[in-house]
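Report on the structure
Residues per chain, in single letters:
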Amino acid sequence: MFKERNKNYINEKRTAHFSLYKRGGGVLIGVSLVAAALQLLLVKNYIIDGGIVGISILLAHITDYKVGFYIFLLNTPFLLLGLLYLGKRFLIISLGALLFLSLELYMLEPFPVLTKNPILVILFGGICLGMGVGMIIRFGGSLDGTEILAIMLSQRTPFSIGQYVLFFNFFIFFSSIFVFGLLEAVYSLATFCIACKTIDLSLKNIRL
């Protein structure tokens, strides 16, 4: 049952009926949710995401480069891997999503955070992030190299994308202790768990 469900995450026959406009619109909405979660809730509260995005947030904090720059740079080898195993359509959609994300992160950077309440940040940041990532995966793309690996592995095992992503990223949250502090690392892990659960629920229940 689990294998059958995971096969539907990236399935060219299932998504072939999507028009160009529907696919592009869905990815753009997903990217906007992710950008809003990062810039308006998480990053300025020193709460990170996992995977390449999390690494990019950490690097941006200790260097002069922006989060969007690192997201695009570090994802490049994983996009090539996605091209080999998941096809040209996956590469094009993922590349477009990354470009839009970098642009939207830059545009939203001047805006202040919506709230500094840790409970609200964790809850709404995790849900918004998970919904955005789930929507992008639903329409055949990915924003993060670890998601690409998780998609490939989930097609061959009984474990879900969210479970693989959570497994891959424990070391990133551990590293964030030395950059932002222990409390922020705990908040980050809690947010990430909510995001992963939201990804799994959205991929299971949303019918596009």
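Definitions and limits used
- Residues numbered from 1 in each chain as written.
- Predicted model: local features only at pLDDT ≥ 70, side-chain atom pairs only at ≥ 80, totals over all residues.
- Heavy atoms only, no water.
- Helix = DSSP H or I, 4+ residues; strand = E, 2+ residues; numbered from the N terminus.
- Expected span 1.5 Å × (residues − 1).
- Buried < 20%, exposed > 50% of the residue type's maximum accessible area, 1.4 Å probe, protein only.
- Contact = heavy atoms within 4.5 Å.
- Axes fitted to C-alpha atoms, helices over the stretch in contact; angles between N-to-C directions.
- Parallel < 35°, antiparallel > 145°, perpendicular 65-115°, else oblique.
- Left-handed = near helix turned anticlockwise from the far one by under 90°.
- Nonpolar A, V, L, I, M, F, W, Y, C, P; charged D, E, K, R; others polar.
- 1 Å grid on protein atoms, 1.4 Å probe; cavity = no way out; pocket = protein on both sides within 12 Å on 5 of 7 lines; lining within 4 Å.
- Points joined across faces, edges and corners; volume = space filled by probe spheres on them.
- Phe/Tyr/Trp six-rings, centres within 6.5 Å; stacked < 30°, edge-to-face > 60°.
- pLDDT = per-residue confidence, 0-100.
- Patch = residues over 30% accessible without salt bridge, like charges linked within 9 Å, V, L, I, M, F, W, Y side chains within 5 Å.
- Areas by Shrake-Rupley, 256 points an atom, 1.4 Å probe, with all protein chains shown as cover.
- Salt bridge = Lys/Arg side-chain N within 4 Å of Asp/Glu carboxyl O.

1. What about helix α6 (residues 88-108)?
For α6, which comprises 21 residues, the first-to-last C-alpha distance of 30 Å matches the rise-based estimate of 30 Å (1.5 Å per residue) to within 8%. Residues of α6 that are buried include every one of Phe-90, Ile-93, Ser-94, Ala-97, Leu-98, Leu-101, Ser-102, Glu-104, Leu-105 and Leu-108, and no others. Where α6 is buried, its residues meet α3 (20-42), α5 (67-86) and α8 (145-154).

2. Here's the deal with the packing of helix α4 (residues 51-62) against α5
How two helices pack is summed up by the angle between their axes together with the distance between the axes. Packing of α4 against α5 brings their axes to within 8 Å, and their N-to-C directions diverge by 140°. By the criterion of interaxial angle, the relationship of α4 to α5 is oblique. For the pair α4 and α5, the crossing hand works out as right-handed. Residue-level inspection shows Ile-52, Val-53, Ile-55, Ser-56, Ile-57, Leu-59 and Ala-60 of α4 in contact with α5, the latter providing Val-67, Tyr-70, Ile-71, Leu-74, Asn-75 and Phe-78. The class makeup of the residues in the contact of α4 with α5 is 11 nonpolar, two polar and no charged.

3. Regarding empty space enclosed by the protein
Applying the stated rule across the entire model yields two cavities of 30 Å³ or more. Roughly 80 Å³ of volume is contained in the largest cavity. Around the largest cavity, the lining comprises 13 residues; the ones closest to its centre are Asp-49, Val-133, Glu-147, Phe-192 and Ile-199. Residues of the lining of the largest cavity, tallied by class, amount to six nonpolar, four polar and three charged. Taken as a whole, the second largest cavity holds about 30 Å³ of empty space. In this structure, the second largest cavity is lined by Val-34, Asp-49, Val-53, Leu-129, Val-133, Leu-143 and Glu-147. Considered class by class, the residues forming the lining of the second largest cavity number five nonpolar, no polar and two charged.

4. Some words on the packing of aromatic side chains
Taken as a whole, this structure holds six aromatic pairs when the rule is applied. With a centroid separation of 5.4 Å and an interplanar angle of 45°, the aromatic rings of Tyr-46 and Phe-180 are classed as tilted. Placement of the pair is Tyr-46 in the loop between α3 and α4 and Phe-180 in the loop between α10 (170-179) and α11 (182-205), with a sequence separation of 134 residues. For Tyr-46, a relative accessible area of 40% translates into the label partly exposed. According to the relative accessible area criterion, Phe-180 is buried, its value standing at 15%. Here Phe-69 and Tyr-70 contribute two aromatic rings whose centre-to-centre distance is 5.4 Å and whose plane-to-plane angle is 70°, an arrangement assigned as edge-to-face. On the accessibility criterion, Phe-69 (40% relative accessible area) is partly exposed. Among the aromatic residues, those joined into a cluster by ring pairs are Tyr-65, Phe-69 and Tyr-70.

5. So, the environment of Leu-81
With respect to the element layout, Leu-81 can be found in helix α5. Assessed through its relative accessible area of 24%, Leu-81 is described here as partly exposed. The sequence separation of Leu-81 and Leu-91 amounts to 10 residues, and the corresponding C-alpha distance is 9.1 Å. In contact with Leu-81, other than residues within four places in its own chain, are Leu-149 and Met-152.

6. A few points about the confidence of the model for the chain
Taken over all residues, the pLDDT of the chain has a mean of 82, while the share at 70 or more is 88%. In this model, residues 1-14 is a region of pLDDT below 50 whose contacts with residues beyond four sequence positions or in other chains number 30 contacts.

7. What about the environment of Ser-32?
Looking at the secondary structure, you find Ser-32 in helix α3. Among the residues examined, Ser-32 registers a relative accessible area of 29% and is labelled partly exposed.

8. Overview of a nonpolar patch on the surface
Where nonpolar side chains cluster on the molecular surface, the patch consists of Leu-28, Phe-100, Leu-103, Tyr-106 and Met-107 and spans about 530 Å² of accessible area. Ranked by the residues each element gives to the nonpolar patch, the list is headed by α6, at four residues. In this structure, Phe-100 sits in helix α6. Residue Phe-100 is classed as partly exposed on the basis of its relative accessible area of 42%.

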